[in-house]
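Structure at a glance
Listed below, chain by chain, are the residues.
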Amino acid sequence: MRLLHTSDWHLGRSFHRVNMLAAQAEFIGHLVTTVRERAVDAVLVSGDVYDRAVPPLAAVELFDDALHRLADLGVPTVMISGNHDSARRLGVGAGLIGRAGIHLRTEPSAAGTPVVLADAHGDVAFYGLPYLEPALVKDEFGVDKAGHEAVLAAAMDRVRADLAARAPGTRSVVLAHAFVTGGEPSDSERDITVGGVAAVPAGVFDGVDYVALGHLHGCQTLTDRVRYSGSPLPYSFSEAAHRKSMWLVDLAADGTVDAERLDCPVPRALARIRGTLEDLLADPELARHEEAWVEATLTDPVRPADPMARLTERFPHTLSLVFDPDRAGDDPEVSYARRLAGRSDQQIAEDFVAHVRGAGPDAHEQDVLRDAFDAVRADDTVREVAR
């Protein structure tokens, strides 16, 4: 059975001040063409269909167009909700839409109930594990402590139990939206850390033939059977080195996997350039970036006059301007943002306690801070969905 694995469409999202809707529509057209020309048997969309719980109307219309075009091909699609989606909104009408071959899996309680498709070699069971917010689903899965590994392991126990009751030789595919250990994140994914832990081990998914992951925006192979497709378009300059693509997966009769990486159309290259303003304007090596979307980091010791206007004369698609003067790390003028770069909310809070009190928090106080951050994030999720 030939599968096309994609995820993280983020319909409705912009790239800095650039509206990406036209590029997202071009990707949908590319997806449909690929399904038709490469004789795809099933399409897998592993979450973050939309960029937010209440997407703009234009994004909903594009999603509706995608559903109609996929249904017209007569090729089944299995789709799960991600941490950016409202699972309840995305799942509205799932029963009716399923009759057209578009199978929306947004309910955690249905983790062990697969979409079953068949080819000449027998059945393939597709299990959709939507994004599982630990604090909201721990009771559903009967786990004592809210954590990503615990709820995913419980969901996978349901998957394996259902699979064990099926005919011998039934092949299996899991769609999941999670941060799996070994994956490389970028700046454009929303933090899903719970209890100080964001990642789950790949071994959670043992026992199935293929795991189609979503959440991380870079295309990655964790094992031959566990892969991220990545987002089809860039959504931050941290993705400048990404090759945007999808996985074309051939699932053999014995469950072995052969995967081919297919490129996605990207409207414009990304470039990160760094140096003094005069160097950036004069360096001939940077000519290759003149038509790219550019993030320019200026290292001038004093902020130059009209930097954006001058940069856009050479790099007309400059979207981001960062000031990072070359100074010693202990220089008091080093920016607050630079001192915080790469630090988690938990670490920043612990540093604040140490600064105010003269000593950092003890283990109990660290747990209190961690629980507070987890509660706030879970509450934000509930409020966003309820809007």
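About the thresholds
Residues numbered from 1 in each chain as written. Predicted model: local features only at pLDDT ≥ 70, side-chain atom pairs only at ≥ 80, totals over all residues. Heavy atoms only, no water. Helix = DSSP H or I, 4+ residues; strand = E, 2+ residues; numbered from the N terminus. Rg over C-alpha atoms; globule rule 2.2 N^0.38 Å. Buried < 20%, exposed > 50% of the residue type's maximum accessible area, 1.4 Å probe, protein only. Contact = heavy atoms within 4.5 Å. Areas by Shrake-Rupley, 256 points an atom, 1.4 Å probe, with all protein chains shown as cover. Lys, Arg positive; Asp, Glu negative; His and termini not counted. Charge placed at Lys NZ, Arg CZ, Asp CG, Glu CD. Arc of directions from axis to C-beta. Pairing = 2+ DSSP bridges. Axes fitted to C-alpha atoms, helices over the stretch in contact; angles between N-to-C directions. Salt bridge = Lys/Arg side-chain N within 4 Å of Asp/Glu carboxyl O. Phe/Tyr/Trp six-rings, centres within 6.5 Å; stacked < 30°, edge-to-face > 60°. Lys NZ or Arg CZ within 6 Å of the ring centre and 35° of its normal.

**Description of the overall build of the chain**
- Helix and strand counts for the chain stand at 11 helices and 17 strands.
- Taking 2.2 N^0.38 as the reference for a compact globule, 387 residues should give roughly 21 Å; the C-alpha atoms of the chain span a radius of gyration of 23 Å, in line with that estimate.
- A total of 387 residues make up the chain; the buried ones form 47% of that total.
- Contacts spanning at least 24 positions in sequence make up 69% of the contacts within the chain whose residues lie at least 6 apart.
- Carbon and sulfur atoms make up 51% of the accessible area of the chain, which amounts to about 17900 Å² in all.
- If the 39 positive side-chain charges of the chain are averaged to one point and the 60 negative ones to another, these points end up 2 Å apart.

**Remarks on helix α5 (residues 134–141)**
- Taken as a whole, α5 has its buried residues at Pro134, Val137 and Phe141. Projected onto a plane normal to the axis of α5, the buried residues spread over an arc of 85 degrees and lie on a single side.
- In this structure, the buried residues of α5 make contact with α6 (148–164).
- Gly142 sits one or two positions beyond α5 and adopts a positive phi of about 65 degrees.

**Brief notes about the sheet that holds strand β13 (residues 245–251)**
- Within the open sheet, the six strands sit side by side as β6-β5-β4-β1-β13-β14. Their pairing is mixed. This sheet does not close on itself; its edge strands, each paired only once, are β6 (102–105) and β14 (257–263). Adjacent strand axes in the sheet meet at a mean angle of 20 degrees when their direction is disregarded.
- Pairing of β13 with β14, which is carried by seven bridges, proceeds in the antiparallel orientation. Across the sheet, the residue bridging to Ser245 is Asp263, located in β14.
- Contacts from helix α1 (residues 21–37) reach β1 (2–6), β4 (42–46), β13 and β14 within the one sheet, and its direction differs from that of β1 by about 170 degrees.

**A word on the pattern of salt bridges**
- Evaluated as defined, the whole model comprises 18 salt bridges.
- A salt bridge links Arg2 to Asp250; the nearest nitrogen and oxygen atoms lie 2.8 Å apart. You can see Arg2 sitting in strand β1 and its partner Asp250 sitting in strand β13, a full 248 residues away along the chain.
- On the accessibility criterion, Arg2 (22% relative accessible area) is partly exposed.
- Given a relative accessible area of 26%, Asp250 falls into the partly exposed group.
- Overlapping salt bridges bring together Arg274, Asp324 and Asp326 as one network.

**Re the sheet that holds strand β8 (residues 122–129)**
- Taken together, six strands build an open sheet; the order of strands is β7-β8-β9-β10-β12-β11 and the sheet is mixed. Only two strands of the sheet have a single neighbouring strand rather than two, namely β7 (115–119) and β11 (220–223). On average, each strand axis in the sheet is tilted by 20 degrees relative to the strand beside it, whichever way the strands run.
- Where strand β9 (residues 171–177) lies against strand β10 (residues 210–214), five bridges are found, and the strand directions are parallel. The residue of β10 that forms the bridge with Val173 is Tyr210.
- Against the sheet, α6 engages β8 and β9, with an angle of about 160 degrees to β8.

**With respect to the packing of aromatic side chains**
- Applying the stated criterion across every chain, the model contains four aromatic pairs.
- Taking 5.8 Å as the distance between ring centres and 70 degrees as the angle between the ring planes, the aromatic pair formed by Trp9 and Phe27 counts as edge-to-face. Of the two residues, Trp9 is situated in the loop between β1 and β2 (14–15) and Phe27 in helix α1; the sequence distance between them amounts to 18 residues. With respect to burial, Trp9 and Phe27 carry one shared label: buried.
- An aromatic cluster is built from Phe15, Phe237 and Trp293, whose rings are joined through pairwise contacts.
- The ring of Trp247 carries Arg227 above its face, with NZ or CZ at 4.5 Å from the centroid.
- In this structure, Arg303 is placed above the aromatic ring of Phe323, and the distance from its NZ or CZ to the ring centre is 3.7 Å.

**With respect to the environment of Ala305**
- Along the chain, Ala305 turns up in the loop between β16 (293–298) and α8 (307–314).
- We classify Ala305 as exposed; its relative accessible area is 55%.

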